[in-house]
Amino acid sequence: MRPTELEILKHYKNGVGKNCLVCDEELKGYWTDYNGQIKCRTCGMTYQILGCHLKDEYLKKNNITSDDIAERYCDNFDLLPIYRDYYQENKKILPIGFYMGKPPWSEEDDEHFYKWLAQNADKYRVEYKDYFYWDTIIKLFGSKNED
Ligand SMILES: [Zn+2]
């Protein structure tokens, strides 16, 4: 289930503990090209570790300030169910995180992820309709029915 707005806000305030929310390993990562963002070296989930990088608009809307936000939090928390399911089933690096040049995952990693997403579209499409170009993904990577 996609986390509710309230659950997401709660996570931003409480932050992440010692372990990664996707792979359950101790959270250790390497920098991406986005300020303050790291990528878990085991699964590839992304986190902010230098405090609040949320938009002012979001803070204002929720009547909070950057001081209310944890120093370390998952910046893809809304997508956690998809990324966790994918990693736990496939044990392959998540093709996410901001890189200006070549990212630290391969084209094959990208394809593997989107193929899995296409195959699991029935499970996630409704809740995550605005997150992915579902029609394009299914067209390019097939669906369960076409296998
Ligand atoms: Zn991880």
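Structure's up top.
Residues numbered from 1 in each chain as written. Predicted model: local features only at pLDDT ≥ 70, side-chain atom pairs only at ≥ 80, totals over all residues.

**Looking at the overall build of the chain**
A count of helices and strands for the chain gives six helices and four strands. For the chain, the N- to C-terminal ordering of α and β elements is α-β-β-β-α-β-α-α-α-α. By the compact-globule yardstick of 15 Å for 147 residues, the chain fits well, its C-alpha radius of gyration being 16 Å. Seen through its C-alpha atoms, the chain measures out along the principal axes to roughly 50 × 30 × 30 Å. Burial analysis of the chain (147 residues in total) assigns 23% to the buried set. Once local pairs closer than 6 in sequence are excluded, the contacts in the chain between residues at least 24 apart make up 52%. (Helix = DSSP H or I, 4+ residues; strand = E, 2+ residues; numbered from the N terminus. Rg over C-alpha atoms; globule rule 2.2 N^0.38 Å. Buried ≥ 20, exposed ≤ 12 C-beta atoms within 10 Å, placed from the backbone. Contact = placed C-beta atoms within 7 Å.)

**Remarks on the sheet that holds strand 2 (residues 37-40)**
Strand order in the open sheet formed by four strands is 1-2-3-4, with antiparallel pairing between adjacent strands. Pairing within the sheet leaves two strands with one partner each, and these edge strands are strand 1 (29-31) and strand 4 (73-74). (Pairing = 2+ DSSP bridges.)

**Some points on the nonpolar core**
Ranked by internal contacts, the top residues of the largest apolar core, which has 28 residues, are Cys-20, Val-22, Cys-43, Met-45 and Tyr-83. Elements with a contribution of two residues or more to this core: strand 2, strand 4, helix 3 (80-90) and helix 4 (107-119). The leading source of residues in this core is helix 3, at four residues. Among residues more than four places away in sequence, those in contact with Met-45 are Cys-20, Leu-21, Val-22, Cys-40, Cys-74, Asn-76, Tyr-83 and Leu-94. (Core = buried A, V, L, I, M, F, W, Y, C linked by C-beta atoms within 7 Å.)

**Details of the environment of Met-100**
Tracing the backbone shows Met-100 in the loop between helix 3 and helix 4. Residue Met-100 is classed as exposed on the basis of its 8 C-beta neighbours within 10 Å. Along the chain, Met-100 and Asp-75 lie 25 residues apart, while their C-alpha atoms are 18 Å from each other.

**Considerations on unusual backbone geometry**
Non-glycine residue Asn-63 carries a positive phi angle of around 60°. Position of Asn-63 relative to the elements: it lies in the loop between helix 2 (56-61) and strand 4. You will see that Lys-91, though not glycine, has its phi angle at about 50°, which is positive. Assignment of secondary structure puts Lys-91 in the loop between helix 3 and helix 4.

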